[in-house]
Every structure is written in C-alpha cells, then in structure tokens.
Amino acid sequence: MAIGSTMHTFTVHLADVDRGVYDELSLRLARHPSETAANVLLRVLAYALEYEEGIAFSEGISATAEPAVLVRDATGRMTAWIDVGAPDAARLHSASKAADRVAVYTHREPNRLAQAWAGKTIHRAADIPVFSFDRDFVDDAASALERRSTLTVSVTERQLYLDVNGRSTSSAIAEQRVG
C-alpha cells in the first residue's frame, strides 16, 4: 500500500446472469490520494464483471507496470490484463503481448479513446474490448461510496443494475473494440 493511501473495504453481492456467476466478494483495495472515487468504483466494477478464479487487484494507480485488475493462472502467469480509465496505446500494446486477454473499462467517452488510439500500433487491437457505461453512471454511483461499502451488482442482457450503500442506479454495458 502506498504511503497516504486509504484502505477501502467492499462487500459485493454479485449476480451476473449473463455469465452464470453468483458470489459474495469481500474486497479490500488501497485508494491513492490522487485517485478519484469514480476510478475506485470502476476498479471494483471491472473486478466484479470479470470475476473468475485467480483475479486480483494490482496496487492501483501507483503500479504503472500492471493493470488495475489482473488474472493469473495456477502457475502465476498473467492470463488477463483488465485496465480502467483511459490507458494509452503503448500500454495496450504491451498489455496485449503480456496477457492472453486484455479488456478496458472506462467511464470516459469511448469515441475519444478511439481517437487517441487511432493510427497507433496496438498488438491484437481487434481483440481488445472497451466496456463503457451510460453517461454519468459511474460518477453518480461513486458519490455514494464510503470507506466501507456494500454493493449489489446484477447483470442481465448486458444491463448493469448497481446498488451502492442503498443508492440504486443502472446502465447498459456498451462494448466496442480498440481496432
């Protein structure tokens, strides 16, 4: 944990009907002093929506050589690189070489990200999904976060229903490809 970071604890009730994943997760993550609540929530959502055996948080925004969320197999090899926000093209290029699967979760305008990546070399760009949410969804939900939060995350037919500490909201999960 970085100096000055604040620990956050999340209880996540996960019901992902689309993937057949149902579980209760107890998560702890360090929030860097410069990290926004929206970015913290985006990391938790990426973790929940990608949940599988071997998944873990990295050290957050201070871990520049790792994604926000990663999946390792039993041998320790990274099998999935899950980034949040607006990673640059060079980062995605390296990620695609380092892991079998790469995904990006963003609360930014995906078309702006696509413009930033246009014309740049990104290994297997067509295989990298970018998941985004309705405008203001992440910021609105993040305003309900506390150091100890309870989330209910339900997904059905690419629709995300989220309850954060009693505050409910929903969003479609849009998917685009990097290339």
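Residues numbered from 1 in each chain as written. Predicted model: local features only at pLDDT ≥ 70, side-chain atom pairs only at ≥ 80, totals over all residues. Heavy atoms only, no water.

Draft legend 1. Layout of the overall build of the chain. If you tally the helices and strands in the chain, you get 4 helices and 11 strands. On C-alpha atoms alone, the chain measures out to a radius of gyration of 15 Å, which is about the 16 Å that the 2.2 N^0.38 rule sets for 179 residues. Counting only C-alpha atoms and orienting by the principal axes, one finds that the chain spans roughly 45 × 35 × 30 Å. Counting all 179 residues of the chain, 45% fall into the buried class. In the chain, the share of contacts with a sequence separation of at least 24, taken over all contacts with a separation of at least 6, comes to 53%. (Helix = DSSP H or I, 4+ residues; strand = E, 2+ residues; numbered from the N terminus. Rg over C-alpha atoms; globule rule 2.2 N^0.38 Å. Buried < 20%, exposed > 50% of the residue type's maximum accessible area, 1.4 Å probe, protein only. Contact = heavy atoms within 4.5 Å.)

Draft legend 2. Representation of the pairing of strand E9 (residues 159-164). Only one face of E9 is buried, namely the one carrying Leu160, Leu162 and Val164, since none of Gln159, Tyr161 and Asp163 on the opposite face is buried. Between strand E8 (residues 148-156) and E9, which follow one another and run antiparallel, lie 2 residues, and Glu157 among them has a positive phi close to 50 degrees. Here E9 pairs with strand E10 (residues 167-172) via 6 bridges, running antiparallel. Looking at the pairing, Val164 lines up with Arg167 of E10. The antiparallel pairing of E9 with E10 creates a hairpin that spans 2 residues between the two strands, and Asn165 there sits at a positive phi of about 50 degrees. (Pairing = 2+ DSSP bridges.)

Draft legend 3. Inspection of helix H3 (residues 110-117) at higher detail. Considered for burial, the residues of H3 that qualify are Pro110, Leu113 and Trp117. The buried residues of H3 occupy an angular sector of 55 degrees when projected down its axis, which confines them to one face. Relative to its buried face, H3 has exposed residues pointing more than 90 degrees away, namely Arg112 and Gln115. Residues of H3 that are buried make contact with helix H2 (89-98), strand E6 (101-106), strand E7 (129-132) and strand E11 (174-177). (Arc of directions from axis to C-beta.)

Draft legend 4. How the structure looks around the side chain of Ser149. Mapping Ser149 onto the fold places it in strand E8. Among the polar contacts made by the side chain of Ser149, one reaches the side chain of Asn165 at a distance of 3.1 Å. Every residue in contact with Ser149, bar those within four places of it in the chain, is listed here: Thr9, Phe10, Thr11 and Asn165. (Polar contact = N/O pair within 3.5 Å; in protein donor to acceptor, adjacent residues only side chain to side chain.)

Draft legend 5. Spatial organisation of the pattern of salt bridges. One pass over the structure, following the stated rule, counts 9 salt bridges. With a shortest N-O distance of 3.0 Å, Glu35 and Arg43 are connected by a salt bridge. Among the residues examined, Glu35 registers a relative accessible area of 4% and is labelled buried. Each of Glu50, Glu52 and Arg101 takes part in a single network of salt bridges with overlapping partners. (Salt bridge = Lys/Arg side-chain N within 4 Å of Asp/Glu carboxyl O.)

Draft legend 6. Structural detail: the nonpolar core. Judged by nonpolar contacts, the single largest core of 42 residues is most densely connected at Tyr105 and Val153. Ranked by the residues each element gives to this core, the list is headed by helix H1 (residues 37-49), at 10 residues. Setting aside residues no more than four positions away along its own chain, Tyr105 makes contact with Leu42, Ala46, Leu49, Glu50, Ile82, Asp83, Val84, Gly85, Phe131 and Phe133. Of all hydrophobic cores here, the second largest spans 16 residues; its members include Trp81, Val104, Ala125 and Val178. (Core = buried A, V, L, I, M, F, W, Y, C linked by side-chain atoms within 4.5 Å.)

Draft legend 7. Representation of the pairing of E7 within the structure. Burial along E7 is two-sided: Pro129 and Phe131 and Val130 and Ser132, pointing in opposite directions, are all buried. When E6 meets E7, the two strands line up parallel, connected through 3 bridges. By the bridge assignment for E7, Thr106 is matched with Ser132. Between E6 and its parallel partner E7, the chain crosses via H3, and the hand of that crossover is right-handed. (Right-handed = clockwise from strand over helix to strand, strands pointing away.)

Draft legend 8. Representation of the sheet that holds strand E1 (residues 6-16) within the structure. With respect to topology, 5 strands assemble into an open sheet ordered E2-E1-E8-E9-E10, the strand pairing being mixed. Both outer strands of the open sheet, strand E2 (21-31) and E10, are each paired with one neighbouring strand and no more. The sheet shows a mean angle of 20 degrees between the axes of neighbouring strands, taken without regard to direction. Running at roughly 145 degrees to E2, H1 makes contact with E1, E2, E8 and E9 of the sheet. (Axes fitted to C-alpha atoms, helices over the stretch in contact; angles between N-to-C directions.)

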